[in-house]
Amino acid sequence: MVKYLRIADGKLVNAQHDQAQVLVFIAPSEDERKYLVETLKLDEHTLNSALDPDELSRLEFEPEHAALIFKRPRNYSSEDQFLFKVASTGVFLFKDFMIIVLADDAPLFEGRGFGRIASLQDVFLRMLYRSVFHYEEHLRVINMITDQLEQEVNKTMDNKHLVSLFTLQKSLVYYLNAITSNLRLIDKLKIHGLRLGFSVENQEFLDDLVIETTQCQEQANVHSQVLAGLMDARVGVVNNNLNVLMKTLTLVMICIMLPQLVVSLFSMNVDLPFPAPVDRADNEIERVMWPFIVIVIISVVSIALTWMFLRFKKIK
């Protein structure tokens, strides 16, 4: 899928193929890749890197264009199961036009910054700023989800909520790595600003972008550390709750073992309070009930003494 855009009145608008200044290739097909490599002279390895979600941000210079790859967050859906992913975006900046290659459709040109565009360099820099804003939005969502999962973990020891917290922690590691990679790219852009045709306003915008990206990096780092500490604390709480439960069950078993021992020793020789059996001469056998009562009393007293002993030793 290909979108053709051009700059008009400080905005990006749809355009015809021969008037387009910005060409956006979304999940390019084999024919489109062949067109990009053979006709527009894009490096095939760099093109594949632009579609690789594990590729790091970087800047390269080719004879006719500059190739840039930066990291952006992917749109989140419920099917991701609390896993926030990142994606790569390739930007190939020529003298008169720009090619953007991405693996999935994403809102790259949304936000207030895209209402004041004067050049192709402005488009790229505002795409970087949009990605920083997108990261910050996802970090706020991750924080909200973490608070909800924390409350659920307090209510139950279900592993499902702990697994969700682990997934969020994994997402924050990916985000922190991607933001750090983008920050290195911005530093390179500042160094090669003249070669890329950046104006004075672009250089000032780069300074602001460094500040915003650094703040986003610090925010992601704080969220990651807080979630890591929270995970350690929650795992400790769950283990402690399990230990308390096992301790309680063990105490109950100890209290049951003594009366079970008493009953096991005497039950075969004691009459039960049930209808009396008869002998072969059809005469009722005389029963003595006081041994049964004594055994019951001994069992109850053993339970009480065991319970009092455990309370005295502060085991209960």
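Refer to the structure presented above.
Every value quoted in this text rests on a predicted model; they were computed, and no experiment measured them. (Residues numbered from 1 in each chain as written. Predicted model: local features only at pLDDT ≥ 70, side-chain atom pairs only at ≥ 80, totals over all residues. Heavy atoms only, no water.)

*Asks:* It is not clear to me how the nonpolar core should be interpreted in this structure. Could you clarify?
*Replies:* Across soluble globular proteins, nonpolar side chains have a tendency to be buried as a group. Of all hydrophobic cores here, the largest spans 56 residues; its most connected members are Val22, Met98, Ile100, Phe124, Met127 and Leu189. Among the secondary structure elements, those contributing two or more residues to this core are β1 (2–8), β3 (22–26), β5 (66–73), β6 (86–93), β7 (98–102), α3 (120–155), α4 (159–191) and α5 (200–266). Among the elements that line this core, the one with the most residues is α3, at 13 residues. When sequence neighbours within four positions are dropped, the list of residues in contact with methionine 127 reads Phe70, Thr89, Val91, Ile100, Leu108, Phe109 and Phe114. Within the second largest apolar cluster, 14 residues are counted, among which are Leu23, Leu42, Ala50 and Leu51. (Core = buried A, V, L, I, M, F, W, Y, C linked by side-chain atoms within 4.5 Å. Buried < 20%, exposed > 50% of the residue type's maximum accessible area, 1.4 Å probe, protein only. Helix = DSSP H or I, 4+ residues; strand = E, 2+ residues; numbered from the N terminus. Contact = heavy atoms within 4.5 Å.)

*Asks:* Is there a simple way to explain helix α6 (residues 290–312) in this structure?
*Replies:* Since there are 3.6 residues in each turn of an α-helix, residues three or four apart along the chain are aligned in direction. Compared with the 33 Å implied by 1.5 Å per residue over 23 residues, the 32 Å span of α6 between its first and last C-alpha is a close match. For α6, the complete set of buried residues consists of Ile295, Ser299, Ser302, Thr306 and Leu310. (Expected span 1.5 Å × (residues − 1).)

*Asks:* Please explain the packing of aromatic side chains as it appears in this structure.
*Replies:* Two measures describe an aromatic ring pair: the distance that separates the ring centres and the angle between the ring planes. A full pass over the atoms with the stated rule returns five aromatic pairs. For the ring pair phenylalanine 94 and phenylalanine 97, a centre distance of 4.4 Å and an interplane angle of 10 degrees mean the geometry is stacked. Following the ring pairs from residue to residue traces out a cluster consisting of Phe84, Tyr135 and Tyr175. Across the ring face of phenylalanine 205, the terminal group of arginine 126 is positioned such that the distance to the ring centre comes to 4.9 Å. Directly above the aromatic system of phenylalanine 61 lies the positively charged group of arginine 195, at a separation of 3.9 Å from the ring centroid. (Phe/Tyr/Trp six-rings, centres within 6.5 Å; stacked < 30°, edge-to-face > 60°. Lys NZ or Arg CZ within 6 Å of the ring centre and 35° of its normal.)

*Asks:* Sorry if this is basic, but what is going on with the pairing of β7 here?
*Replies:* Working note: regular strand, side chains alternate between the two faces of the sheet. With five of five residues buried, β7 lies mostly within the body of the structure. Of the strand pairs in this sheet, β3 and β7 are connected by five bridges, and their pairing is parallel. Within β7, the residue paired with isoleucine 26 across the bridge is leucine 102. As paired elements, β6 and β7 share five bridges and run antiparallel to each other. Within β7, the residue paired with phenylalanine 92 across the bridge is isoleucine 99. (Pairing = 2+ DSSP bridges.)

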